[in-house]
Amino acid sequence: TTNASNVPVAVKGLKNVVAVVAGNAALSCALVKPAPVKGVKVTGYDVWCWGMNNYGLVRGNGSYNGQSLVPVSIPAIWDYFYKKDAKGKEIKVKGKPVVVEKIGAEELAIGGTHVLVRLANGTVKSWGEAWGSPKAYGALGRIKNPFKPTRVPEWGPAVSIAAGTKFSCAALKNGKVRCAGDNSYGAMGNGTREKSLMPGDVSGITTASKVVAGSQFACALLQDQTVQCWGANSMG
């Protein structure tokens, strides 16, 4: 329903949930244990979302309007690997490639009008609206707006992801943090106020293990258990 409730109500149709996130885009998503597939190595989790589908958020299938009052699966988040012959050519059965491995999500982040997912192999995919007019801010880590999950090579391999209102960041396996999007308050952490359409390094951070984001600011947890933050600071 679309009825408000001042007491908790169960989300219908979800089970085997391992994590849940909510964003300011009227959207919620969950990581769900997938069903085993015979003969296929499965790593990571499926993603189910519900709420607003403006910008393609809830369905991740290229549609970009309406809403979903019940959770729906987003199969496009998965990475698939196929069986190949000795020459490296994909083997097909009845015209379809044979899947031997599929890699799903380990982490989700929801921004103002965009979603990030980090897969178990460190790949980061994004979808939704990059914000900005007449030119996009780049919160998706790319110039064009994909309305279904699309890989962002510059954000991988990642160990953590974060989505602010109009920007996004990822902590990489090499300890660096890279951000993209609106930089009006310095959320890119690069010493400028110029927006970044593609992910760029945050200055001076080389040992990050986690990154989190607020509306227009971000913080990184470092390996020495200290924290560094950058961006908007009107409230300290």
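Heads up: the structure comes first, above all this text.
The following paragraphs examine the structure supplied in this document.

Our focus in this paragraph is the state of the cysteines. Overall, the coordinates contain 3 disulfides when judged by the stated rule. Disulfide partner of C29: C49, at an S-S distance of 2.1 Å. On the sign convention where negative means left-handed, the S-S torsion of about 105° between C29 and C49 marks this disulfide as right-handed. Residue C29 is found in strand 2 (residues 27-32), and its partner C49 is found in strand 4 (residues 46-52); the two are separated by 20 residues along the sequence.

Turning our attention to the nonpolar core. In this structure, L27, V47, C49, I77, A105 and V117 are the most contacted members of the largest nonpolar core, which totals 21 residues. Of all the elements in the fold, those that place two or more residues in this core are strand 2, strand 4, strand 10 (105-110) and strand 11 (114-119).

The subject of this paragraph is the sheet that holds strand 16 (residues 177-181). As summarised here, the arrangement of the 4 strands in space is 14-15-16-17, forming an open sheet in which the pairing is antiparallel. Looking at which strands have only one partner, the edges of the open sheet turn out to be strand 14 (158-163) and strand 17 (196-201). Neighbour-to-neighbour, the strand axes of the sheet open up by a mean angle of 15°, direction not taken into account. Judged from the 3 bridges that link them, strand 16 and strand 17 form a sheet pairing that is antiparallel. Within strand 17, the position partnered with C179 by the bridge is G200.

Time to look at the packing of aromatic side chains. Applying the stated criterion to the full structure yields 0 aromatic pairs. Across from the ring centre of W78, 4.3 Å away, lies the NZ or CZ of K102, which sits over that ring.

To continue, consider the pairing of strand 11. Across the 6 residues that make up strand 11, a large majority, 6, are buried. The alternating pattern of strand 11 places H114, L116 and R118 and V115, V117 and L119 on opposite faces, both of which are buried. As paired elements, strand 10 and strand 11 share 5 bridges and run antiparallel to each other. Pairing of A109 across the sheet is with L116, part of strand 11. From the end of strand 10 to the start of strand 11, which pair antiparallel, there are 3 residues. Sheet analysis places strand 11 next to strand 12 (residues 124-128), joined by 5 bridges and oriented antiparallel. Within strand 12, the position partnered with V115 by the bridge is W127. Two successive antiparallel strands, strand 11 and strand 12, enclose a turn made up of 4 residues, where G122 displays a positive phi of approximately 90°.

Before going further, it helps to spend a moment on the sheet that holds strand 12. Two orientations exist for strands paired in a sheet by backbone hydrogen bonds: parallel and antiparallel. Ordered by their spatial adjacency, 4 strands build an open sheet running 10-11-12-13, and the pairing between neighbours is antiparallel. The sheet is open, and its two borders are formed by strand 10 and strand 13 (150-151), each paired with just one other strand.

The omega angle of the peptide bond from G156 to P157 is -5°, so this bond is cis rather than trans. In this fold, P157 is placed in the loop between strand 13 and strand 14. Here N16, not a glycine, exhibits a phi torsion of approximately 60°, which is positive. Considering the arrangement of structural elements, one finds N16 in the segment before strand 1 (17-23).

As a further point, take the pattern of salt bridges. Here the structure, examined in full by the defined rule, presents 5 salt bridges. Salt-bridge contacts for K125 lead to D79; the nearest nitrogen and oxygen are separated by 2.9 Å. Residue K125 is found in strand 12, and its partner D79 is found in strand 6 (residues 79-82); the two are separated by 46 residues along the sequence. Overall, K125 belongs to the buried group, its relative accessible area being 7%. In this structure, R178 and D201 form a salt bridge, with 2.8 Å as the shortest nitrogen-oxygen distance. In this pair, R178 sits in strand 16 while D201 sits in strand 17, placing the two residues 23 residues apart along the sequence. Residue class for D201 comes out partly exposed when judged on its relative accessible area of 34%. Taken together, the shared-partner salt bridges connect E106, E107 and R118 into one network.

Criteria and cut-off values
- Residues numbered from 1 in each chain as written.
- Predicted model: local features only at pLDDT ≥ 70, side-chain atom pairs only at ≥ 80, totals over all residues.
- Heavy atoms only, no water.
- Disulfide = S-S within 2.5 Å.
- Helix = DSSP H or I, 4+ residues; strand = E, 2+ residues; numbered from the N terminus.
- Core = buried A, V, L, I, M, F, W, Y, C linked by side-chain atoms within 4.5 Å.
- Buried < 20%, exposed > 50% of the residue type's maximum accessible area, 1.4 Å probe, protein only.
- Pairing = 2+ DSSP bridges.
- Axes fitted to C-alpha atoms, helices over the stretch in contact; angles between N-to-C directions.
- Phe/Tyr/Trp six-rings, centres within 6.5 Å; stacked < 30°, edge-to-face > 60°.
- Lys NZ or Arg CZ within 6 Å of the ring centre and 35° of its normal.
- Salt bridge = Lys/Arg side-chain N within 4 Å of Asp/Glu carboxyl O.

Remember that the coordinates give geometry; whether it matters functionally is a separate question.
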